[in-house]
Amino acid sequence: MRIPFIFRELRASGRQAMVLMSCVALAVASLTVVDSFHSDVVRLLRGDARALHGGDLLIESNYPFSAAMERAVATLAAKGAKVCRQWHLYSLLRHDDHSVFSQLNIVEPNYPLYGQVELQSARPLAEALKPGTIIVAPELLPRLGLKIGDFVQAGEVRLQVVDCLMRESSRPIEIFRLGPPVLAHAADLAAMNLVREGSRTQYKIATALPQGPPAAEDEAKSLRAISQNGAERVETAATARSGVKRFFDNLLFFLSLTALATLLLSGIGVHSSATALVRERQTAIAICKAMGADSAFLFRRYLALTALVATGGVLAGILLAALFKPLFPLLFPGVFPAEHITALNLAAAANASALGFTAALLFALGPLTSLKNVRPMLLLRRETASGLAARAGQALIRAAVAAPVAILLVFLVVRHMEDTRTGLYFLGGLAALTFVAFILTSLALTLARRLDISPLIPRLALRGLSRPGNASVAVITTLATALALLLTMFLVRKNLEDNYITSFPPDAPNVFVLNIQKDEGERFQQLAAVPCRLYLVIRGRLKAINGKPVLAERDGKPAIDTLTREFSLTYQESLLPDEHLVIGKSLFKKDADGKLPLQVSVLDTVRDMGNMKLGDVLTFSIQGVPLEAEITSIRVRNHAGLSPFFYFVLPPKYLEKAPQNAFAAIRMPPGQVAALQNLLAAKMPHLTVLDLGPLTAEIGRVAGKFVRLVNFFAALSIIAGLFILWGSLLASRLPRLAEAVYYRVMGAGRGFIFLIFLVENLALGLAAALVAIVIAQPAAWLLCRHGLDLSYQPCWLASLALAATATLLTGIAALPGQCGTTRSSLATSLKEQWQE
Amino acid sequence: MKHLLFAAASLLVFAACQDNHKPAVAKPAAPEITIVAMGDSLTAGYGVPEEGAYPAKLERRLRAEGYNCRVVNAGVSGETSSDALSRLDWILGMKPDIVIFESGANDGLRGINPAVPRENIDKILTRLQEKGVVTILAGMRMVTNLGSTYINDFNAIYPDLAKKHRLLFMPFFLDGVAAKPELNQDDGIHPRAAGYDIIVENILPLARQAIAQWRGK
Amino acid sequence: MVEPLLVAEHIDKTYRLGKRQIAVLSDVSLAAAAGEFVVISGASGSGKSTLLALLGGLDQPDRGRIAIAGQDITGLSEKRLALVRNRQIGFVFQSFHLVPSLNARENIMFPAELADNPEAAAKAEQLLRQVGLWQRRGNFPSQLSGGECQRVAICRALINAPALIFADEPTGNLDSENAAVVLDLLFEMIQENGATLVMATHSQEVAAQASRLIRLRDGRVVSDSGQ
């Protein structure tokens, strides 16, 4: 094979080669970064997870540990594991005549094994917490009338308050924290005399294994075997607190998906730039053929050219990644502390290179096999690119050539996903996505061709879409697939965020006050003197659906979220602000007299639990009193956060008399919560105040960090999307240029042509965007509901905004290419067209 | 297990004998007795199906003994004594003959000043007596981690009020069940079905006494 | 004195080819009166097509003056020049240059629509019937034969009733039978309009029918039968 030929071609098709190379480079760079960085992220997230749990392996029980478990822990310690015992209990701390119900955390001196405890004095915990001392949450000081240095009564000892507890990485997320946390030293445990028979204490042993987390799961298995009838729970940082774990898992899965999406988007970019290359070089190809070169010869040469360019792309990608990675701590301060960033991972780079290179070849194959269709006749009889259309036989050959490469790619992708089934699902889904995009686009274009509209510009633009050689179906399919991928990613990200993050919007209530009695609402509101909403709660059980008794699904096991548990019902006439109806026109049906008969509106989650539908009759037992109500509407919550919600809502009349209490949801500045608690403790001592402030702050902190991470990876795939746009438009540049020349010869001005192409590009972008929405919505729904087990919001407005942006971007991105269309002299252009 | 078998056997013997002796049990024709089990999650049977909680089990036992009665589960999980006081009218609306009253544990678990449950329970018991309802008071003992000052104040509420109102009194609702891992759910607070069997055993004699008292009126 | 419809005076045109400059036309002057049929002939590379392009306002000469109906078009703005092309000039090319995405009727209508002529459709119908292509009005260029394409191109050139028609080897891509049909049509329709036809061709047969014959060689006028 003669190298000079390849270089000549490379020189002649600079622009396309650049796009192709950029696509490969981008894919390789993002894969390398994501991949090598994936391990950093995993480590970072695992570190975070570990810090959240304070150990590799946790053993918890509500009773003192069994002898067998103690022996097992001693064995672990003998093998070099660090052991930290903790006791968590609620008790009353007293000072003068104040007492505050507090969460007492008694810990051994090596606490915490992982993560950190931030004290007001910024001292390390071990330095501050000595026997005979106690460290309290800052809100406790005003509530007990304390200052640092005072003594406080805990059980049967007096402990000196030495510091304030600002943040504990290991216990940040607890919704039902009934009192402020305090830390005490294990040496004082016996003297306090709070942990003894009949006490409600959570016993905990946290261990740090010398081999780190990988060993935790095996150790956990053997410990679980000796745990006594489930009373001793053994968890690893990876399994504990399923919510946190699920968040991390989802995040990692999502990052893998984005990296792959970037790869595939780049692949599509390669496809379109290779198409553009073959198209622009078709005269040259025809000449070569006329001189006696056969298709196989040319195919080999162009394949070599592609391989060369792809190799360039791979190298550029690795270089890019290498340059980029050290910048991470600068780009994401706080998200990636410098010590978490390792040098570029060679294995990751190799893996990414293999993926990028293979994908480039695979995606270039289609356009390259179309070389066969370029006939020498082209030189004599000009047919604008129509010769490039694939024939049935051609498709078979193409498939046969592509199959082995595709299989290799599938193998690599599946390996990348670390889970065969998910990998196959992903690829299958993608293939289906492309196919659907192709079908929809073809349909839309056939329709556009038939359409006979009279205004000149839109008609010309629409006709332009089916311009021979324009390959609009391919371009729109490409764009739509890319956009659908982007939109799907966007929607999944949005739902991830909604489920985990915006569930805690800044205006969400941060304080809940429970047990407000029926006649106390007004008094409470006057006392609290903050705007708040009262939610009425009536406890009841569901006894039957359509007369069929509701039975326990799992006998003997705790039935926490089954239909047999007690439910909180409420009565009101309108929807809560963050709910909407999915079935039924209004919350309740009125009868002929305009009154509300006895009926019930149910939340979608409970509908799914009980397979209920509109018109079903539910029988409740309101603390022994039966009540029958027909389902007249079904509601959904807009967010899955901390805002209150009710499974069953009934019209007021029927429940007003039933036993009920209320809770208040309040948004107030965190600094004022202690004052409210003190006030209520004095005036309405039976009320319980839940302060979610620390929790929401912590979630906000963690969430903000991950939003930035996720956004960064999403941005990479958006850049790939822009390359595709560019590549696609390059591919259809020639026929467009020709048309512009004809229009100008007929006397059309530049503005006119500009307008036609702008409208045409907008139509192209719009078609792609609409197809993308049609595909992305169900795809994202599927991913969220079945892949990630999240609730799903379609975010139509955001989808439409994205579609509009994509449409505009397509319109704008196409403009620079057109300037060339209108600048050069017409005579030259005509001649070029003819002679090329 | 042996204990249970013995109990079952003695029941059979008792049933076999009943024709020859003076009827200790009401005839089927006697009006149905309404017993309302009022309380928190311990009564409601948090984490067990309703038929596994003590009211349903008690009803089965009483019916097996020939009493024509129903035991209504009016337990509400998470209920404090303040909640109980607010819904007393609703309970009275069921026209109970007998009320088994168990409350206050949630006040204690939230560290509410013991004066609050004392006052609430006192009011409830007064109302029940005014309405002529035969009442069994189930006592509660607070978990020791709250400290001796608190638990001493709290634990005293029940015997004091039982004495004041001269009630049938069960000194500790969870007697023989509390702090036993095998009888409780993993949270260490709520009994399993097996735990409720013991509770029913403990209540049964009081229930019989209450029925006798009610008949005496 | 009234100037002829088309006047070109001392036209030079040089193309740059890398570092070399190639003089395509040098000091070409000509004039054509209304209704004349001018043939420009010469060997390949003699500059016929370039001259036609300059006369039709598709390109600008390096030097000299070109005037159509007394209006100098060499100094015109892009916009004005486009207007001149649209209203006063019609083109017929050897390789048709029909817009491939428009069907026959739309191709013909286009210049009239561009001129906001409300009768564009009616005029196109009349022309289509005249050239016998009414049945094929919905076909796209790729579905038409060469002869049919050229007939469509002629209609397109004529729809705005321009005073000047430029035809660059209009039969170059056609077989002789089709060529004859197309030429006959072209002459017939131009006569009807009274337009001036300037045609570049090296067909002796066609040249013989011209009212005036200008021969080019190496970018210079070697003979002009009108002078």
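A brief look at the structure comes next. As the structure is a prediction and not an experimental result, all values here were calculated from the model.

Attention now moves to the overall build of chain B. A count of helical and extended segments in chain B gives nine helices and five strands. In sequence order, the secondary structure elements of chain B are arranged as α-β-α-α-β-α-α-β-α-α-β-α-β-α. For chain B, buried positions account for 49% of its 217 residues. Long-range contacts, defined as pairs at least 24 residues apart, comprise 74% of the intrachain contacts of chain B with a sequence gap of at least 6.

Let's shift gears to the overall build of chain A. When you go through chain A residue by residue, the secondary structure sums to 25 helices and 21 strands. Across the 836 residues in chain A, those meeting the buried criterion constitute 45%.

Residues and elements named next belong to chain B. At their nearest, the axes of helix 7 (residues 115-130) and helix 8 (residues 148-165) sit 11 Å apart, and the two run at 25° to each other. Taken together, helix 7 and helix 8 sit at an angle that is classed as roughly parallel. Here helix 7 and helix 8 pass one another in a crossing that is right-handed. Here Pro 117, Arg 118, Ile 121, Asp 122, Leu 125 and Gln 129 of helix 7 lie close against helix 8, whose contacting residues are Ile 157, Leu 161 and His 165.

So, on to the interface of chain A and chain C. Counting residues at the interface gives 22 residues for chain A and 22 residues for chain C. Residue assignment for the side of chain A that touches chain C shows that the elements contributing at least two residues are helix 15 (456-465), helix 21 (733-745) and helix 25 (826-835) of chain A. Across the side of chain A that touches chain C, the residue classes tally to nine nonpolar, seven polar and six charged.

Glancing now at helix 9 (residues 193-216) of chain B. All names here are of chain B. The end-to-end C-alpha distance of helix 9, which contains 24 residues, comes to 33 Å, matching closely the 34 Å that a straight helix rising 1.5 Å per residue would cover. Taking the largest bend as the criterion, helix 9 deviates by roughly 35°, centred on Ile 203, and proline Pro 205 comes between one and four positions later. Among all positions of helix 9, only Gly 195, Tyr 196, Ile 199, Val 200, Ile 203, Ala 207, Ala 210 and Ile 211 are buried. Of the surrounding secondary structure, the elements contacted by the buried residues of helix 9 are strand 1 (33-39), helix 3 (54-64), strand 3 (98-102), strand 4 (134-138) and strand 5 (168-170).

As a measure of interface size, the accessible area lost when the parts come together is often cited. Counting from both sides, the interface comprises 38 residues of chain B and, opposite them, 44 residues of chain A. Residues that form the side of chain B that touches chain A fall into these classes: 18 nonpolar, 13 polar and seven charged.

Now for the environment of Val 177 of chain B. Residue and element names in this part refer to chain B. Take Val 177: it is sitting in the loop between strand 5 and helix 9. In the structure, Val 177 is positioned 21 residues away from Ile 198 in sequence and 7.2 Å away in space, judged by C-alpha atoms. In this structure, Val 177 is in contact with Leu 183, Asn 184, Pro 191, Gly 195, Ile 198 and Ile 199, ignoring residues within four places of it in sequence.

Bringing the sheet that holds strand 9 (residues 212-217) of chain C into the picture now. All names here are of chain C. What the six strands build is an open sheet, ordered 6-7-8-3-9-10; its pairing is mixed. On the outer flanks of this sheet lie strand 6 (89-93) and strand 10 (220-224), each paired with one strand and no other. Recorded for the sheet is a direction-independent mean angle of 20° between the axes of neighbouring strands. Relative to strand 8 (residues 196-200), strand 7 (residues 164-168) runs parallel, the two being bridged by five bridges. If you follow Phe 166 over to strand 8, its bridge partner there is Val 198. Taken strand by strand, helix 5 (residues 146-158) contacts strand 6 and strand 7, and its axis lies near 170° from that of strand 6.

All right, on to the pairing of strand 8 of chain C then. All names here are of chain C. Counting buried positions along strand 8 yields five of five residues, so the element is predominantly enclosed. The two faces of strand 8 match: Thr 196, Val 198 and Ala 200 on one face and Leu 197 and Met 199 on the other face are all buried. Since strand 7 and strand 8 lie parallel, the crossover through helix 6 (residues 176-193) that links them has a hand, and here it is right-handed.

A separate point is the sheet that holds strand 2 (residues 69-75) of chain B. Residues and elements named next belong to chain B. The five strands are arranged 2-1-3-4-5 in an open sheet whose pairing can be described as parallel. Each having just a single partner strand, strand 2 and strand 5 make up the two edges of the open sheet. If you compare each strand with its neighbour and ignore which way they point, the axes differ by 20° on average. In the sheet, strand 4 pairs with strand 5 via three bridges, with the strands oriented parallel. In the sheet register, Ile 136 faces strand 5, and the bridge partner there is Leu 168. In the packing of helix 9 onto the sheet, the strands contacted are strand 1, strand 3, strand 4 and strand 5, and the crossing angle to strand 5 comes to about 170°.

So, how was this worked out
Every residue gets a number counted from 1 within its own chain, in the order that chain's sequence is written. Chain letters and ligand numbers both follow the written order, the letters beginning at A and the numbers at 1. It should be noted that, the model being predicted, local features are given only for residues of pLDDT at least 70 and side-chain atom pairs only at 80 or more, the latter also being counted only at that level, while totals for whole chains, interfaces and linings use all residues. The helix and strand labels rest on DSSP assignments: H or I over at least four residues marks a helix, E over at least two residues marks a strand, and numbering proceeds from the N terminus. We call a residue exposed when 12 or fewer other C-beta atoms sit within 10 Å of its C-beta, buried when the count reaches 20 or more, and partly exposed for counts in between; the C-beta positions come from the backbone. For every residue pair, C-beta atoms are placed from the backbone, and the pair is scored as a contact if these atoms sit within 7 Å. To define axes, lines are fitted to C-alpha atoms, for helices over the stretch in contact only, and angles between the resulting N-to-C directions are given on a 0 to 180 degree scale. The cut-offs work like this: below 35 degrees is roughly parallel, past 145 is roughly antiparallel, 65 to 115 is roughly perpendicular, and the gaps in between are oblique. Rotating anticlockwise by less than a right angle from the far helix to the near helix defines a left-handed crossing, while the corresponding clockwise rotation defines a right-handed one. Polar here means any residue other than Ala, Val, Leu, Ile, Met, Phe, Trp, Tyr, Cys and Pro, which are nonpolar, and Asp, Glu, Lys and Arg, which are charged; Gly is therefore polar. Take the number of residues in a helix, subtract one, and multiply by 1.5 Å to get its expected span. Think of it this way: the bend at a residue is just the angle between two axes, each fitted to seven residues, one set ending at that residue and the other starting at it. For two strands to pair, DSSP has to find at least two bridges joining them. By convention, orient the strands away from the viewer: a clockwise path from the first strand over the helix to the second makes the crossover right-handed.

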